[in-house]
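Below, each chain spelled out in residue letters.
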Amino acid sequence: MSDAGLSPGVARYVAAAQEAQRRRNEEIARMRRCRFDTIAVHGLYTMSESLDYNQGSIIEPIYMASSQAYRDSDEMEAALAYLVPTWCYSRIANPSLFYFENVLALLEGYGFDGETSCCATSSGMAAIHSATEPFLSIGAGGAGRPMNFVATCQVYGGTFQQFAVRKDREKGVECRWVVRSTDLEEWESKIDENTRFLYGELPSNPGQAFFDLAAVAEIAHRHGLPLIIDNTVGSPALLRPLCHGADVVIQSVTKTLTSSGFGIAGAVIARKNLTCRFAPEELKADFPMYIKALPNRDNGPNLSPMNAILSLNDMRTLRSKVDLFSRNTMRVAEFLGGHPQIEKVDYLGLPAHPLHALASRYLFLVDAEHDPEYGRPINRYGHLMSLRVKGGAAATRRVFDAFQRIWRATDLGRVKSVATIPAISTHQQQGEEGRRLADVPPNLIRLCVGGEHPDDVIADLDQALAAITGKVTVSVPAAFSVGGASREVPGR
Ligand SMILES: *Cc1c(COP(=O)(O)O)cnc(C)c1O
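Note that the structure is predicted; figures quoted are calculated from it, not measured. (Residues numbered from 1 in each chain as written. Predicted model: local features only at pLDDT ≥ 70, side-chain atom pairs only at ≥ 80, totals over all residues. Heavy atoms only, no water.)

### What about helix 14 (residues 318-337)?
The first and last C-alpha atoms of helix 14 sit 28 Å apart over 20 residues, in line with the 28 Å expected at 1.5 Å per residue. Along helix 14, the positions that sit buried rather than exposed are L318, R319, K321, V322, D323, F325, S326, N328, T329, V332, A333 and L336. (Helix = DSSP H or I, 4+ residues; strand = E, 2+ residues; numbered from the N terminus. Expected span 1.5 Å × (residues − 1). Buried < 20%, exposed > 50% of the residue type's maximum accessible area, 1.4 Å probe, protein only.)

Right under this line is the structure:
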């Protein structure tokens, strides 16, 4: 045993763990040769994992236990020194999370010719916090000046708050917004020697902003900085940022990945040996494992094993679901584009969208070229679109209130179609001026089309748009009516 200073008992466990790790690495290599759908369905949960460790269960088990027991003091010592793979305590790691994390690492790393890993978190916001704070904690800013980071301003509302309020205002870490993310010179002009990372979201929620990912990665790396990308909307079924040069990927697993809507989850996925000129080797070598073993161990934003397996179960059919949602969204967008009550439709899939050509260079349905139905690369643009209703805020609310099948909820990526009016919900706190800058007018409805037959979604939109002039049917909450009956109310 070369590990000097280990007692023979501890060394025995380390040797056994090295052998187990070697077998697992072989399994990862085998899985990486499979197609996307196969990885999504099986991940690292093999027959031997099942038969040797999990009583033959064909589905990954949900280990709700708080902690792991050890055979003796030697194993405990080896485990708590992280000398052997262990899960110790569910705040740090857990077998159910292990299966979930490895599927996501493989899916985000699909087609990427390096290794990837993943750290699950309790939410997408926890993932963003976990992925950014380490770069703001290491070393001092140059000559005592405050650190900064550069981010696209078209980001999810929660991200905007975390960056502008929690980091910039409360902690004095300057957030430098890139206003026009397609302008590469603007990205570069914001970087200086105190910049810690570059951050972007694409397609952005709700604005569907898009930028040249490979070109921004090149700028980041020229300055020795990591590029972090929020890939929530597209998911690895349409876009794998690591393949285009990104160092770290964020997932709000809550959304496209857990399309059933069974709870909140997040993840940080990264390439091994990421670019960062100021970080120590241990951070760069395996960033998600660094997060898991150190800051998240101490801060505790961990995912519940139950949620990990619910999300994993949804992820098995990710590719075909994203294809279905995308095709349905395209049909709905085309219908709305020709509707007399609609002022404007925004969908990256429509050739008239100003970012259509750029997005078409990046958003492809994974493995379409290996699909007997398609047999060639196929662009797909996801489930997120928006529409602007003629007649202002009041008409827009009337249409929105008349939906009978589309759910009114601030949510996205669901198997059920959902819609929101951002001006009165997600973007309410930004104020009128902020909404004008972000191009979120009061007549904008964000719509995420799900897995229903598109004809039925179109029929619901059609009858709701007819409500601008006619009468509206409002269903009264069960608590306020006998049997939750509907009643006719005059159009307002
Ligand atoms: C919802 C969302 C988040 C935050 O994720 P939670 O799981 O809700 O914490 C982050 N980024 C994007 C793009 C989102 O849509």
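### What about the domain arrangement of the protein?
Interfaces are often sized by the amount of accessible area the parts lose when they come together. Each assigned domain of the protein is listed with its residue range as follows: domain 1 (94-315) and domain 2 (318-490). Listed by partner, the interface residues are 32 residues for domain 1 and 34 residues for domain 2. For the pair domain 1 and domain 2, the two sides together bury roughly 2800 Å², of which 63% comes from carbon and sulfur. Taken as a group, Q208, F210 and L238 account for 28% of the area that domain 1 buries against domain 2, more than any other trio of residues on that side. (Domains from an automatic or database assignment. Contact = heavy atoms within 4.5 Å. Buried area = accessible area lost by both parts, 1.4 Å probe.)

### Focus: the pairing of strand 4 (residues 195-201)
Most of strand 4 sits inside the fold, with seven of its seven residues counted as buried. When strand 4 meets strand 5 (residues 227-230), the two strands line up parallel, connected through four bridges. Its bridge partner being in strand 5, L198 is matched across the sheet by L227. Crossover connection from strand 4 via helix 9 (residues 213-222) to parallel strand 5: handedness right-handed. (Pairing = 2+ DSSP bridges. Right-handed = clockwise from strand over helix to strand, strands pointing away.)

### Some details on the UniProt feature "modified residue: N6-(pyridoxal phosphate)lysine" (unreviewed entry) in the protein
Under the feature "modified residue: N6-(pyridoxal phosphate)lysine" (unreviewed entry), the UniProt entry names K255. Within the fold, K255 resides in the loop between strand 6 (248-251) and strand 7 (266-271). Not counting the four nearest positions on each side in its chain, K255 is found in contact with Y156, T232, D411, L412, G413 and R414. (UniProt positions renumbered as here; feature names shortened; annotations may be inferred.)

### What about the sheet that holds strand 11 (residues 418-420)?
Spatially, five strands are ordered 8-9-12-11-10 in an open sheet, and the strand pairing comes out mixed. A single partner strand is all that each edge strand has here, and the edge strands are strand 8 (342-346) and strand 10 (407-408). The pairing of strand 9 (residues 384-389) with strand 12 (residues 444-448) spans five bridges and is antiparallel. Among the inter-strand pairings, L387 is bridged to a residue of strand 12, identified as I445. Strand contacts of helix 14: strand 8, strand 9 and strand 12, with the helix running at about 15° to strand 9, the strand carrying the most contacts. (Axes fitted to C-alpha atoms, helices over the stretch in contact; angles between N-to-C directions.)

### Remarks on unusual backbone geometry
Of note, the bond from L202 into P203 is cis; its omega dihedral lies within 30 degrees of zero at -15°. Mapped onto the elements of the fold, P203 is located in the loop between strand 4 and helix 9. Cis geometry marks the peptide bond from N205 to P206, where omega comes out at 5°.

### Overview of the nonpolar core
Counting 122 residues, the largest nonpolar core has F287 and M385 as the members making the most contacts within it. It is helix 5 (residues 95-108) that contributes the most residues to this core, eight residues altogether. Of the domains in this structure, domain 1 (94-315) and domain 2 (318-490) are the two that each give at least three residues to this core. When near neighbours in sequence (up to four residues on either side) are disregarded, M385 contacts Q208, T329, V332, A333, L336, V345, D346, Y347, I445, R446, L447 and V449. Ranked by size, the runner-up nonpolar core spans ten residues in total, among them V14, A79, V84 and C88. (Core = buried A, V, L, I, M, F, W, Y, C linked by side-chain atoms within 4.5 Å.)

### Regarding the pairing of strand 6
Along strand 6, one buried face is formed by V248 and I250 and the opposite face, lined by V249 and Q251, is buried too. Looking at chain direction, strand 5 and strand 6 are connected through three bridges and run parallel. Across the sheet, the residue bridging to I228 is V248, located in strand 6. Strand direction decides the pairing type here: strand 6 and strand 7, joined by four bridges, are antiparallel. Its bridge partner being in strand 7, V249 is matched across the sheet by I269.

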